[in-house]
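So you can see what is in the structure, the chains are spelled out below.
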Amino acid sequence: RVEQTVLIQQHDNYKTFIKNRIVKIDDVDWVGDNTLTLRLRARMLCASWNKNKINRIEEILEETNERVIIFYSFKQDYEILTTLCIRLNKPLSVVNGDKHDLYAYDHDNNSVTLIQYQSGAYGLNLQKCNKIIHFSLPESCDLFMQSEARIRRIGQKNTCWYYYLICEKTVENDILSALKRGEDYNDALFDKYLENLKK
């Protein structure tokens, strides 16, 4: 297996949001009035709300004609990624809470398969593909490890590639480190992350 961390410039408002726990983005007030909402919205600012990440994944998809699996966390991730794949004329398969459609994955060598962690990290055999992109990370180590196992199945003949799209100097770095250590990302780790930012 080969792992590649792709560093992405953080959202322009990320630092302000983490510091003040409130920021206005596109006329919407983002509020992190408790640990849970602060962490959730910080993760969202690193995902589909970050144009730098959208631009980078577009470049990656334009550079390949092979099957790609993209794991994501949030509904808006799915909406943005679906729009992008349609614009790039990529055959699209989807596994999430609303849809389970692997037709394009099964029939098209250049397909993109979008999988929500909670719906597709377990049980799928996807060894026709050898590339996974983690667009946004889960906080569960088990979901993370199971997602990576989807392409490392009996019958896989190629090297498995894993791409982690990580916004620099954000909570995503911290989450990836925890997942690599075999830990779930939780309130205590996030509080420690916030404390380290003050130093």
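Okay, so let's go over this structure. (Residues numbered from 1 in each chain as written. Predicted model: local features only at pLDDT ≥ 70, side-chain atom pairs only at ≥ 80, totals over all residues. Heavy atoms only, no water.)

### Thoughts on the side chain of Arg-39
Part 1 of the reasoning: Within the fold, Arg-39 resides in helix α2 (residues 35-45).
Part 2 of the reasoning: For Arg-39, the side chain forms a polar contact with the side chain of Asp-187, separated by 2.5 Å.
Part 3 of the reasoning: In this view, Arg-39 contacts Glu-139, Tyr-185, Asn-186, Asp-187 and Phe-190; residues no more than four positions away in its chain are not counted. (Helix = DSSP H or I, 4+ residues; strand = E, 2+ residues; numbered from the N terminus. Polar contact = N/O pair within 3.5 Å; in protein donor to acceptor, adjacent residues only side chain to side chain. Contact = heavy atoms within 4.5 Å.)

### A look at the sheet that holds strand β4 (residues 68-72)
Part 1 of the reasoning: One open sheet accounts for seven strands, arranged β1-β9-β8-β4-β7-β5-β6; its pairing is mixed. Whereas interior strands pair on both sides, the edge strands pair on one side only; in this sheet they are β1 (2-8) and β6 (100-101).
Part 2 of the reasoning: The sheet strands contacting helix α8 (residues 171-180) are β1 and β9 (161-167), and the helix crosses β9 at an angle near 145°. (Pairing = 2+ DSSP bridges. Axes fitted to C-alpha atoms, helices over the stretch in contact; angles between N-to-C directions.)

### Some points on the packing of aromatic side chains
Part 1 of the reasoning: Scanning the model with the defined rule gives seven aromatic pairs in all.
Part 2 of the reasoning: Residues Trp-30 and Trp-49 carry aromatic rings whose centres are separated by 4.8 Å and whose planes lie at 85° to one another, so their mutual orientation is edge-to-face. Residue Trp-30 is located in strand β3 (residues 28-31), and its partner Trp-49 is located in the loop between α2 and α3 (51-62); the two are separated by 19 residues in the primary sequence.
Part 3 of the reasoning: On the basis of relative accessible area, Trp-49 is assigned to the partly exposed category, the value being 21%.
Part 4 of the reasoning: Among the aromatic residues, those joined into a ring-pair cluster are Phe-17, Trp-30 and Trp-49.
Part 5 of the reasoning: Sitting over the ring of Tyr-105, Arg-67 keeps its end group 5.5 Å from the ring centre. (Phe/Tyr/Trp six-rings, centres within 6.5 Å; stacked < 30°, edge-to-face > 60°. Buried < 20%, exposed > 50% of the residue type's maximum accessible area, 1.4 Å probe, protein only. Lys NZ or Arg CZ within 6 Å of the ring centre and 35° of its normal.)

### Here's the deal with the pairing of strand β2 (residues 22-25)
Part 1 of the reasoning: Burial along β2 is one-sided: the residues Val-23 and Ile-25 are buried and none of Ile-22 and Lys-24 is.
Part 2 of the reasoning: Relative to β3, β2 runs antiparallel, the two sharing four bridges. Bridge pairing in β3 links Lys-24 to Asp-29.
Part 3 of the reasoning: Remark: two residues form the turn of the hairpin made by β2 and β3, two consecutive strands paired antiparallel; Asp-26 in that turn has positive phi of roughly 50°.

### Here's the deal with the packing of α3 against helix α4 (residues 75-87)
Part 1 of the reasoning: Running from N to C, α3 and α4 cross one another at 40°; their axes reach a closest spacing of 11 Å. In this view, α3 runs oblique relative to α4, as classed from their interaxial angle. Where α3 crosses over α4, the two elements pack in a sense that is right-handed. Where α3 approaches α4, its residues Ile-54, Ile-57, Glu-58 and Leu-61 are matched on the opposing element by Ile-80, Leu-81, Leu-84, Cys-85 and Arg-87.
Part 2 of the reasoning: By residue class, the composition of the contact of α3 with α4 is seven nonpolar, no polar and two charged. (Parallel < 35°, antiparallel > 145°, perpendicular 65-115°, else oblique. Left-handed = near helix turned anticlockwise from the far one by under 90°. Nonpolar A, V, L, I, M, F, W, Y, C, P; charged D, E, K, R; others polar.)

### Structural notes on the environment of Leu-45
Part 1 of the reasoning: Within the secondary structure, Leu-45 sits in helix α2.
Part 2 of the reasoning: Each C-alpha atom, one on Leu-45 and one on Phe-17, is 9.3 Å from the other, the two residues being 28 residues apart in sequence.
Part 3 of the reasoning: In this structure Leu-45 touches His-11, Tyr-14, Phe-17, Ile-25, Trp-30 and Asn-50, once residues within four positions along its chain are discounted.

### Examining helix α7 (residues 141-148)
The α-helix advances 3.6 residues per turn, and as a result positions three or four apart in sequence lie on the same side.
Part 1 of the reasoning: The set of residues buried in α7 consists of Cys-141, Leu-143, Phe-144, Ser-147 and Glu-148. The buried residues of α7 all sit within an arc of 165° when viewed along its axis, so they share a single face.
Part 2 of the reasoning: Between the side-chain oxygen at the start of α7 and the backbone nitrogen of Asp-142 there is a gap of 3.4 Å, and the oxygen is on Ser-140. (Arc of directions from axis to C-beta.)

### Side note on the packing of α2 against helix α9 (residues 187-198)
Part 1 of the reasoning: Close contact between α2 and α9 brings their axes to 11 Å; oriented N to C, the two are set at 75°. In this view, α2 runs roughly perpendicular relative to α9, as classed from their interaxial angle. From α2, Thr-35, Leu-38 and Arg-39 reach across to α9, where they touch Asp-187, Phe-190, Asp-191 and Leu-194.
Part 2 of the reasoning: By residue class, the composition of the contact of α2 with α9 is three nonpolar, one polar and three charged.

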